[in-house]
Amino acid sequence: MASRAENEAMRHAIALAAFGLGTTSPNPVMGCVILDSQERVVGEGFHAYAGGPHAEIVALAHAGERAKNGTAVVTLESCDSVGQTGPCTRALIQAGVRRVVIAVSDPNPLAGHGAATLRDAGIQVEQGVREEEAAAGNVAWLTAVRRGWPYVTWRVASTLDGRTAAVDNSSEWITSEAARIDVHQLRGEADAIIIGVGTVLADNPRLTVRNVRDGSLAIRQSLRVVVDGDGETPDDARVRDGLAETWIATAAEVGTGPDGLVDLRALLRGLYQRGVRAALLEGGPTLAAGFLSAGLVDRVIGYMAPKLLGAGRPSLSGKELSNGVGVGILREPIDLEFTEITLVGPDIRYTAVPRYPARVPEPSLTAQLTPQVPKKADISAEERASSDIMRGVPIRGGSTKEKGED
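Residues numbered from 1 in each chain as written. Predicted model: local features only at pLDDT ≥ 70, side-chain atom pairs only at ≥ 80, totals over all residues. Heavy atoms only, no water.

- Going by an unreviewed UniProt entry, the chain carries the name Riboflavin biosynthesis protein RibD and comes from Catenuloplanes nepalensis.
- On record in UniProt, under Function (unreviewed entry), the comment for the chain is "Converts 2,5-diamino-6-(ribosylamino)-4(3h)-pyrimidinone 5'-phosphate into 5-amino-6-(ribosylamino)-2,4(1h,3h)-pyrimidinedione 5'-phosphate." (UniProt positions renumbered as here; feature names shortened; annotations may be inferred.)

What follows is the structure in structure tokens.
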């Protein structure tokens, strides 16, 4: 059983791990605290960016000789494979720690078995300490690795009567400035932002990530994905401005379903192959309904502004095809379980998890793509994303109106 000091160290390690949110994909976020033989904290660290030192390496360097006969407290089972960095199990063994306390076991078969390697080296291993809390902090990566496609968050903003824009599609903001700031933090934690070509044609957004401190362009940008069935994205669209990598959709590239439209599951699997573990859906009402009807939304982060429009663009919509197949049509109600409700400025922000019916229809959805693999940018300590995106009650979310959005 973990001691009180180890439990406290794990709580701190989970907090440290959050500093890597948005910058570690395709790796998980991870935190580590080193206790000496008297259970005093002598080292700490987190995984800051893909290709950089893992949390254990940073914490061991901080602890130095004081790690010998001590305890390493880690939020995720230490890796036992050689990738861009060496196996952390070897580093722990060489440092002479006598005990390792783990929150969550690694589901990745290529990197797992770390606990067994440590035990074989004579190190005591305790697993499952604050497991639920640590898993919530890594929910996107854990979910994506276990099933092979990204964790999808639908970000929606509307009036109290469910409208996302006025009838005339005017560019007036619906939610507050506080909500619009939050959306950039949410974007910064996502590996990809997904919209439909209808949003490009109607609103021409940039989909870039801005620094929440001063509004400048963030160093690390998410991959911009446009679901574009007929290749209608204009050459001068803002998503083609070169400020971030962009993937425009073509049905021939991703594959289609019986209805001739792009299969969104294939789209998501393609994103996973490109290192995307957390995706943010910011598309219009038809694309959102399509993702929901296919059971592909893992979490909803919504904003409700204290306004009423009476008419205008709805949060969700769909259409029936001539062959009777529904595009973005919800055949049964989808229940949501609220995990957070709070105020951001004057707006209500809620986080909810969909509870899909037992049998979820899997229609192919409006989509189409042309891939350009995003490049990993080097990031400084100042640009690390620190947030609550995966703490169980997730992240902060979005703006409302997408028209001309930066």
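Right, picking up where we left off after that structure.
**With respect to the overall build of the chain**
In step 1: Secondary structure assignment for the chain yields 11 helices and 18 strands.
In step 2: Here the analysis covers contacts within the chain between residues at least 6 apart in sequence; of these, 76% occur between residues at least 24 apart.
In step 3: Here the chain displays about 17000 Å² of accessible surface, and carbon together with sulfur accounts for 50% of that area. (Helix = DSSP H or I, 4+ residues; strand = E, 2+ residues; numbered from the N terminus. Contact = heavy atoms within 4.5 Å. Areas by Shrake-Rupley, 256 points an atom, 1.4 Å probe, with all protein chains shown as cover.)

**Concerning the pairing of strand β4 (residues 99–104)**
In step 1: For β4, the tally of buried residues reaches 6 of 6 residues, placing the bulk of the element in the interior.
In step 2: Summarising the sheet, β4 and strand β5 (residues 124–127) pair through 4 bridges and their orientation is parallel. Each residue of the ladder has a partner; that of Val100, found in β5, is Val125. (Buried < 20%, exposed > 50% of the residue type's maximum accessible area, 1.4 Å probe, protein only. Pairing = 2+ DSSP bridges.)

**A closer look at the environment of Pro314**
In step 1: Among the structural elements, Pro314 can be located in strand β13 (residues 313–314).
In step 2: Given the relative accessible area of 26%, Pro314 is considered partly exposed.
In step 3: For Pro314 and Ala166, which are 148 residues apart along the polypeptide, the C-alpha to C-alpha distance reads 9.3 Å.
In step 4: Residue contacts for Pro314: discarding those within four places in its chain leaves Gly162, Arg163, Thr164 and Pro285.

**Thoughts on the sheet that holds strand β1 (residues 31–35)**
In step 1: Read from one edge to the other, the open sheet built from 5 strands follows the order β2-β1-β3-β4-β5, with strand pairing classed as mixed. One side of each edge strand has no neighbouring strand; the edge strands of this open sheet are β2 (41–46) and β5. Across the sheet, the mean angle from the axis of one strand to that of its neighbour is 15°, orientation sign disregarded.
In step 2: In this fold helix α2 (residues 55–63) packs onto β1, β2 and β3 (71–76), with an angle of close to 150° to the strand it touches most, β2. (Axes fitted to C-alpha atoms, helices over the stretch in contact; angles between N-to-C directions.)

**Remarks on the packing of aromatic side chains**
In step 1: Under the counting rule described, the total for this entry stands at 2 aromatic pairs.
In step 2: Measuring from ring centre to ring centre gives 5.5 Å for Phe19 and Phe46, while their planes differ by 35°; the resulting arrangement is tilted. Remark: Phe46 occurs in strand β2 and Phe19 occurs in the loop between α1 (4–17) and β1; sequence separation between them is 27 residues.
In step 3: We classify Phe46 as buried; its relative accessible area is 12%. (Phe/Tyr/Trp six-rings, centres within 6.5 Å; stacked < 30°, edge-to-face > 60°.)

**Details of the state of the cysteines**
In step 1: Tallied over the entire structure, the rule returns 0 disulfides.
In step 2: Cys32 takes part in no disulfide bond, and the closest cysteine sulfur, belonging to Cys88, lies 8.6 Å away.
In step 3: By relative accessible area, Cys32 is classed as buried at 0%. (Disulfide = S-S within 2.5 Å.)

**Here's the deal with the nonpolar core**
In step 1: Ranked by size, the top nonpolar core spans 42 residues in total, and within it Ile34 and Val100 carry the most contacts.
In step 2: Every residue in contact with Val100, bar those within four places of it in the chain, is listed here: Ala72, Val74, Leu92, Leu118, Ile123, Gln124, Val125 and Glu126. (Core = buried A, V, L, I, M, F, W, Y, C linked by side-chain atoms within 4.5 Å.)

**Here's the deal with the side chain of Arg99**
In step 1: You can see Arg99 is positioned in strand β4.
In step 2: Polar side-chain contacts of Arg99 include one of 2.7 Å to the side chain of Glu6. (Polar contact = N/O pair within 3.5 Å; in protein donor to acceptor, adjacent residues only side chain to side chain.)

**With respect to helix α3 (residues 88–95)**
In step 1: All of the buried residues along α3 are Cys88, Thr89, Ala91 and Leu92. Burial along α3 is one-sided: seen end-on, the buried residues are contained in an arc of 160°.
In step 2: Against α2, β3, β4 and α4 (114–120) lie the buried residues of α3.
In step 3: With its phi angle positive at about 80°, Gly96 sits one or two positions after the end of α3. (Arc of directions from axis to C-beta.)

**Details of the pattern of salt bridges**
In step 1: Considering all chains together, one arrives at 15 salt bridges under this definition.
In step 2: Residues Glu282 and Arg187 are paired through a salt bridge, measuring 3.0 Å at the closest nitrogen-oxygen approach. Placement of Glu282 in the loop between β11 (278–281) and α11 (285–293) and of Arg187 in helix α7 (residues 177–188) is noted, with a sequence separation of 95 residues between them.
In step 3: Of the residues examined, Arg187 reaches a relative accessible area of 0% and is grouped as buried.
In step 4: For Arg224, the salt bridge goes to Asp241, with nearest N and O atoms at 2.9 Å. Note that Arg224 is positioned in strand β9 (residues 223–227) and Asp241 in the loop between β9 and β10 (246–249), a separation of 17 residues in sequence. (Salt bridge = Lys/Arg side-chain N within 4 Å of Asp/Glu carboxyl O.)

**Some details on α7**
In step 1: Under the 1.5 Å per step criterion, the end-to-end length of α7 is 17 Å for 12 residues, consistent within 8% with the ideal 16 Å.
In step 2: The set of residues buried in α7 consists of Ala179, Asp182, Val183, His184, Gln185, Leu186, Arg187 and Gly188. (Expected span 1.5 Å × (residues − 1).)

**Overview of the environment of Ala55**
In step 1: Within the secondary structure layout, Ala55 lies in helix α2.
In step 2: Distance in space between the C-alpha atoms of Ala55 and Leu16 is 9.2 Å, their sequence separation being 39 residues.
In step 3: For Ala55, the residues in contact, after removing those within four places along its chain, are Met30, Gly31, Cys32, Gly45, Phe46 and His47.

**Thoughts on unusual backbone geometry**
In step 1: Cis geometry is adopted by the peptide bond preceding Pro26, which originates at Ser25 and carries an omega value of 10°.
In step 2: The residue Pro26 is located in the loop between α1 and β1 in this model.
In step 3: If you check the backbone angles, Leu207 has positive phi at about 60° while not being a glycine.
In step 4: By the element assignment, Leu207 lies in the loop between α8 (197–203) and β9.
In step 5: Here Leu207 falls in the buried class, since its relative accessible area comes to 1%.

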